[in-house]
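One letter stands for each residue in the lines below.
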Amino acid sequence: MTEPAAQLGPSAGLDWWQTGVVYQIYPRSFADANGDGIGDLAGITEHLDHLAGKPDSLGVDAIWLSPFYPSPDHDFGYDISDYLGVDPKYGSLDDFERLVDACHRRGLKVVIDLVLNHSSSDHPWFQASRASRSGLYADWYIWRDAPGRTLTGRQRPPNNWRSWFGGSAWTWDEPRGQFYHHTFLPQQPDLNWRNPAVREALLGVVQTWLDRGVDGFRMDVFNVFFKDAQLRSNPRRIGRRGAWSWQRHLHDRNQPELHDVLRDLRSIVDTRPGRMTVGELFDGMLADAAQLIAPRHLVFDFTLIGLPWSAASFARTLAARDAVFGPERWPANVLSNHDQPRHASRFTPPGRVHAGLTVADGRAKVAAAMLLTLRGTPFLYYGEEIGLRNLSIPNGQALDPPARRAGFLFPWWNRDQARGPMPWDGGPGAGFSSGRPWLPVGPDAAQRNVAAEASDAASILATYRRLLRLRRSNEALISGSQELLARGAAGVLAYIRRAGSDAAFVALNFGSGRARIDVPVASPGRAWRVAFSTTERVIGDEVAGATSLAPLEALVTTLA
Ligand code: NOJ
Ligand code: CA
């Protein structure tokens, strides 16, 4: 018998990926079980207590694993040479199955990364494709003749498209005597989604991993799958530094044919209840994201990830997103990932890297309160729960391939900085590895590590744990509507979340002075009571009329 709707909580119609919190793991850097300096699947399995299943776990609902497939690592796994395998450096398919089982036993879902826009140039499909213009795989990639020669006598590329990783998006291939297209590195040729055989093979990959028990997919750069059928050049425009910005990217992404493929892909995923996708919007706008969000499927719009430490900036961006998404689209909230500088570093006041430690940690706590109380699904990036900072790696020693190609026409940041080993304890190798970690552990690992923060009630880790616990217990924070109240005046961002008779009022002081704020009127017969604060406020105390926020105070009150 179905329960009457009125007796179900407001989140009853929502799925785990709307009500839950997702934790991104970069497998290379999370935990190394066999001491070769590279994180692996067995290492992740050994550290699941940190994430879920124990009273003092973080209490997240799902992990998203960045790629662990066989790869020559020109882009550290985002160049896949076998879509159905596990790279031996990360373990085996058995290790993967053990990890999925272990996650499921403790109620954790597993989301994997699918990189279906391009494969590795080592993939047998590309090897066969470059070998013959008439073979079975001839049209699996985007090949074109050169339309002539340049003034210097070199083959002229088919159009003006640029690679996101610098230079032309076309590379001349001697064996085939043609150019092939690559949105990223030459070692990452773009697959030809217009070819039905390619489509069938890639959808088959989705099916296989579903059969293997995964709960969802993060779809790498999914809005780039289709390019203009006639490969027209992009119109030029005046841009900033870097040739990518000198053209309007009309023809090399966001093509209408994408919707058809997404329908097919999503319908395969939807045959299994509770499965999801989250599409990574590549270099896109809010309106593009809004178009691509579908029932039961999320899109990373990345609007929050680039913002400076400013309540007014967050308020403006949240208001703009609310206006475009409306109440029916569910946002994905992200402050850090494997591509961007870590937010604890981004938010560190300039020139205060050492002296500003307390301020920077204070900001990281306010950021955590925001991420975990805004409407939408929070995606945490491993290490942010202990306030992990960027690694400082000199450009000359960068391992990140685009960082090695950087120049005036191609400004780039070093993504190594956000991919440092997870510091588990203060021991050698920070408990990440008994060997030599592939990237150095941070200089502060002796103090900033999971074990140290676990025993400190005032730590960033303790703050994340408290916030996650509160979020789980409050329907308004999980599924509620969102209304912005303070939009940055006096450095405060404040909003109210409502679901049925539950409500939460959140006030975040981004500033380092005290700030007075008006507290909204509570419902008749009820009062706002402190449910969380980064200061000494007493949990359960009533807050009414107006209150003074301490510097960098994050305050969450709920109706009681
Ligand atoms: C987006 C991924 O997040 C990034 O790490 C990768 O380099 C590109 N896609 C290419 O796959
Ligand atoms: Ca290893």
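Refer to the preceding data block for the structure.
Presented here is a report on the structure given in the accompanying data block. Source: prediction; values computed, not measured. (Residues numbered from 1 in each chain as written. Chains lettered and ligands numbered in written order. Predicted model: local features only at pLDDT ≥ 70, side-chain atom pairs only at ≥ 80, totals over all residues. Heavy atoms only, no water.)

**A word on helix H5 (residues 124-131)**
Now for step 1: Taken together, the buried positions of H5 are Trp125, Phe126 and Ser129. For H5, the arc enclosing every buried residue in end-on projection is 90°, short of the 170-degree limit, so these residues lie on one face. Among the exposed residues of H5, those pointing more than 90 degrees away from its buried face are Pro124 and Ala131.
Now for step 2: Here the buried face of H5 lies against strand S4 (143-144), strand S6 (178-181) and helix H6 (196-211). (Buried < 20%, exposed > 50% of the residue type's maximum accessible area, 1.4 Å probe, protein only. Helix = DSSP H or I, 4+ residues; strand = E, 2+ residues; numbered from the N terminus. Arc of directions from axis to C-beta. Contact = heavy atoms within 4.5 Å.)

**A look at the coordination of the calcium ion (ligand 2)**
Now for step 1: Coordination sphere of the calcium ion (ligand 2), protein contribution only: Asp32 (OD), Asn34 (OD1), Asp36 (OD), Ile38 (O) and Asp40 (OD), at 2.3 Å.
Now for step 2: Site description for the calcium ion (ligand 2): donor spacing in sequence, D-x1-N-x1-D-x1-I-x1-D.
Now for step 3: The exposure class assigned to Asp32 is buried, which follows from its relative accessible area of 8%. (Donors = N, O, S within 2.8 Å, 3.2 Å for Na, K, Ca; no water.)

**Notes on the pairing of strand S1 (residues 22-25)**
Now for step 1: With burial as the criterion, each face of S1 is covered, one bearing Val22 and Gln24 and the other bearing Tyr23 and Ile25.
Now for step 2: Bridging between S1 and strand S11 (residues 377-381) involves three bridges; their strand directions are parallel. Bridge pairing in S11 links Val22 to Phe379.
Now for step 3: When S1 meets strand S2 (residues 62-65), the two strands line up parallel, connected through four bridges. Looking at the pairing, Ile25 lines up with Leu65 of S2. (Pairing = 2+ DSSP bridges.)

**Some thoughts on the environment of Arg405**
Now for step 1: Mapping Arg405 onto the fold places it in the loop between helix H12 (401-404) and helix H13 (450-454).
Now for step 2: On the basis of relative accessibility, which here comes to 36%, the residue Arg405 falls in the partly exposed class.
Now for step 3: As a C-alpha pair, Arg405 and Arg346 span 59 residues in sequence and 23 Å in three-dimensional space.
Now for step 4: Excluding residues within four positions of it along the chain, Arg405 makes contact with Phe165, Gly166, Leu185, Pro186 and Phe410.

**Comments concerning the sheet that holds strand S14 (residues 502-509)**
Now for step 1: Overall, antiparallel pairing links the six strands, which are arranged S12-S13-S14-S19-S16-S17 in an open sheet. Every interior strand has two partners, whereas the edge strands, strand S12 (481-487) and strand S17 (542-543), have only one.
Now for step 2: Sheet topology places S14 next to strand S19 (residues 554-559); five bridges connect them, and they run antiparallel. Bridging across to S19, Val506 finds its partner in Val556.
Now for step 3: Packed on one face of the sheet, helix H9 (residues 311-325) meets S12 and strand S13 (492-499) and runs near 145° to S12.
Now for step 4: Contacting strand S16 (528-533) and S19, helix H14 (residues 460-473) runs over the sheet at an angle of about 145° to S16. (Axes fitted to C-alpha atoms, helices over the stretch in contact; angles between N-to-C directions.)

**Some points on H6**
Now for step 1: Along its 16 residues, H6 runs 22 Å from first to last C-alpha, staying within 8% of the 22 Å computed at 1.5 Å per residue.
Now for step 2: The inward-facing, buried residues of H6 abut helix H4 (93-105), strand S3 (109-114), H5, strand S7 (216-219) and helix H7 (257-270).
Now for step 3: A side-chain oxygen of the first residue of H6 lies 2.9 Å from the backbone nitrogen of Ala197; this N-cap is Asn195.
Now for step 4: Just past H6, the residue Gly213 takes up positive phi, approximately 100°. (Expected span 1.5 Å × (residues − 1). Polar contact = N/O pair within 3.5 Å; in protein donor to acceptor, adjacent residues only side chain to side chain.)

**Let's talk about the site of ligand 1**
Now for step 1: Close to ligand 1 lie 13 residues; Asp75, Asp220, His338, Asp339 and Arg415 are nearest.
Now for step 2: Here an oxygen atom of ligand 1 and a side-chain polar atom of His118 are 3.0 Å apart.
Now for step 3: Taking His338, its side chain carries an N or O atom lying 2.8 Å from an oxygen atom of ligand 1.
Now for step 4: A total of 290 Å² of accessible area belongs to ligand 1 in isolation, and the protein chains cover 97% of it.
Now for step 5: Partitioned by chemical class, the residues of the shell around ligand 1 number four nonpolar, two polar and seven charged. (Near = heavy atom within 4 Å. Areas by Shrake-Rupley, 256 points an atom, 1.4 Å probe, with all protein chains shown as cover. Nonpolar A, V, L, I, M, F, W, Y, C, P; charged D, E, K, R; others polar.)

**Remarks on the pairing of strand S15 (residues 515-518)**
Consecutive side chains along a regular strand alternate between the two faces of the sheet.
Now for step 1: The alternating pattern of S15 places Ala515 and Ile517 on a buried face, while none of Arg516 and Asp518, on the opposite face, is buried.
Now for step 2: As paired elements, S15 and strand S18 (residues 546-549) share four bridges and run antiparallel to each other. Looking at the pairing, Ala515 lines up with Leu549 of S18.

**Brief notes about the sheet that holds S11**
Now for step 1: Pairing is parallel across the open sheet formed by eight strands, whose spatial order is S9-S8-S7-S3-S2-S1-S11-S10. Each of the sheet's edge strands pairs with one partner strand only, and the pair in question is strand S9 (297-300) and strand S10 (332-334). Strand-to-strand, the axes of this sheet are offset by a mean angle of 25°, without reference to chain direction.

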